[in-house]
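Inside the fold
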Amino acid sequence: MLKKPDNERLMAYMEKAKERSEYFIGYPIAQDFDYSELYPLLKLPLNNVGDPQVESTYDLNSRSLEQEVLQFFADLFHAPTDNWWGYVTNGGSEGNLYGLYVARELYPNGVVYYSEATHYSVQKNIQLLNCQSIVIRKQENGEMDYEDLRQMVQMNRDKPVIILANIGTTMTEAKDDLARIKQTLASLAVKNQYIHCDAALAGTYSALLNLEPGFDFAHGCDSLAISGHKFIGSPIPCGVVLVKKNYKERIGKAIPYIGTVDTTITGSRNGHSPIFMWYAIKKLGIEGLKQRAIESLETAQYVLNRFKEMGVNAWCNPSALTVVFPAPSLALKVKWQLATEDGMSHVICMPGISRAKFDEFFADYELSLSAEKTLV
Ligand SMILES: *Cc1c(COP(=O)(O)O)cnc(C)c1O
């Protein structure tokens, strides 16, 4: 039992977290998950330390379920049969770090090209890996400017090209087009190239619904990373990284202490998060997951129309869950946890956020607009 003041502190925190979860439309986090059947597992110190495919002396793990999760995503992203490898990460950022790590081991003098709309963690990853890099301009919708890419690669034609492509940018959910990137590299006769897709945000539902432009292994990526806590949903941040197996063979030493291979970025790895993902995949099934994606896209259209009816200059990339609009008042940004950059805010219509919830937001939004008018 906690002491009384500590207990009060905890109750107050829990109350606050619950209240904040009621106003959560600005980050790409699914809210319809229910893992209560798995709660008994929270009593166990599960740990998937080391390689997911090599059993460890640390037998209290969830490797067997992790492998089924990886197989699901390998199929979804058309990874080459018998030539893929991957693991359940702590999130998209770790997956991106891993993809770039593999690329750097292959091409130590390669240059990483990424657009200015890229997630902030990528720049840090590049610093950690001590890679050369060039930032490419973005188009207005957040997509890479392919002409700028062409010019930059042309200036560095003697060096291998490592592309970090965005499948859903953080602010506007823009998707870089792998076909156009590959055409660009082909027109410059680039021989050594590697494409990593940061599909943290939009990868899972884009693949489920076969959205254009395609970005998976069949479309020419060499590795890709997704976040598990975004579209699938999880109380603990998690993700998946997949790479072509032959590329990563130079990574990872056998470690006697854990009886497995140290092929991952971190040592200890979360043993619970693969089970959450496994459970969601099994419970919803591929059809259930697709249905959730379709409903989310419909909600995004609903939200976009509501903005338009109010005469607000809101917009949305094709088949995106992110609706971008001019930054509202500070009070609204704080209450609804709206990320804001360059005068733009967004809401993201993730599974589990109902139209009724957005109606509640729009009621606040209308009030704030009329308050602004009164001030003028
Ligand atoms: C969320 C996100 C990331 C980072 O993923 P985490 O799971 O938060 O580590 C990277 N890139 C994009 C485009 C994202 O949306």
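Residues numbered from 1 in each chain as written. Predicted model: local features only at pLDDT ≥ 70, side-chain atom pairs only at ≥ 80, totals over all residues. Heavy atoms only, no water.

- Going by the annotation in an unreviewed UniProt entry, the name recorded for the protein chain is Histidine decarboxylase, with Pedobacter hiemivivus given as the source organism.
- The record held by UniProt for the protein chain lists under Cofactor (unreviewed entry) the comment "pyridoxal 5'-phosphate".
- Here is the UniProt Sequence similarities (unreviewed entry) comment for the protein chain, exactly as written: "Belongs to the group II decarboxylase family." (UniProt positions renumbered as here; feature names shortened; annotations may be inferred.)

**Some thoughts on the site of the ligand**
- Around the ligand sit 13 residues, and of these Gly 92, Ser 93, Asp 198, Ser 227 and Lys 230 come closest.
- The fraction of the free accessible surface of the ligand (380 Å²) that becomes covered by protein chains is 86%.
- Cavity membership is defined here by more than half of the atoms lying within 2 Å of grid points; on that basis the ligand lies in the largest pocket.
- Ranked by residues supplied to the shell around the ligand, first place goes to helix α3 (residues 92-106) with three residues. (Near = heavy atom within 4 Å. Areas by Shrake-Rupley, 256 points an atom, 1.4 Å probe, with all protein chains shown as cover. 1 Å grid on protein atoms, 1.4 Å probe; cavity = no way out; pocket = protein on both sides within 12 Å on 5 of 7 lines; lining within 4 Å. Sits in = over half its atoms within 2 Å of the grid points. Helix = DSSP H or I, 4+ residues; strand = E, 2+ residues; numbered from the N terminus.)

**Brief notes about the packing of helix α5 (residues 146-155) against helix α6 (residues 178-187)**
- Interaxial distance between α5 and α6 falls to 10 Å at its minimum, and their mutual angle equals 30 degrees. Of the possible angle classes, the one that applies to α5 and α6 is roughly parallel. The two elements α5 and α6 meet at a crossing, and its hand is right-handed. Between α5 and α6, the residues in contact are Tyr 146, Leu 149, Arg 150 and Val 153 and Arg 180, Ile 181, Thr 184 and Leu 185, respectively. (Axes fitted to C-alpha atoms, helices over the stretch in contact; angles between N-to-C directions. Parallel < 35°, antiparallel > 145°, perpendicular 65-115°, else oblique. Left-handed = near helix turned anticlockwise from the far one by under 90°. Contact = heavy atoms within 4.5 Å.)

**Quick look at the sheet that holds strand β7 (residues 239-244)**
- Taken together, seven strands build an open sheet; the order of strands is β1-β7-β6-β5-β4-β2-β3 and the sheet is mixed. Two strands close off the open sheet at either side, each with one partner strand: β1 (84-89) and β3 (132-136). Ignoring which end each strand starts from, the neighbouring axes of this sheet average 15 degrees apart.
- Sheet topology places strand β4 (residues 161-166) next to strand β5 (residues 193-198); six bridges connect them, and they run parallel. Each bridged residue has a counterpart across the sheet, and for Ile 163 the counterpart in β5 is Ile 195.
- Relative to the sheet, helix α4 (residues 120-129) contacts β2 (111-115), β3 and β4, its axis offset from that of β2 by approximately 170 degrees.
- Contacts between α5 and the sheet are confined to β2, β3 and β4, with β3 contributing the most and set at about 150 degrees to the helix. (Pairing = 2+ DSSP bridges.)

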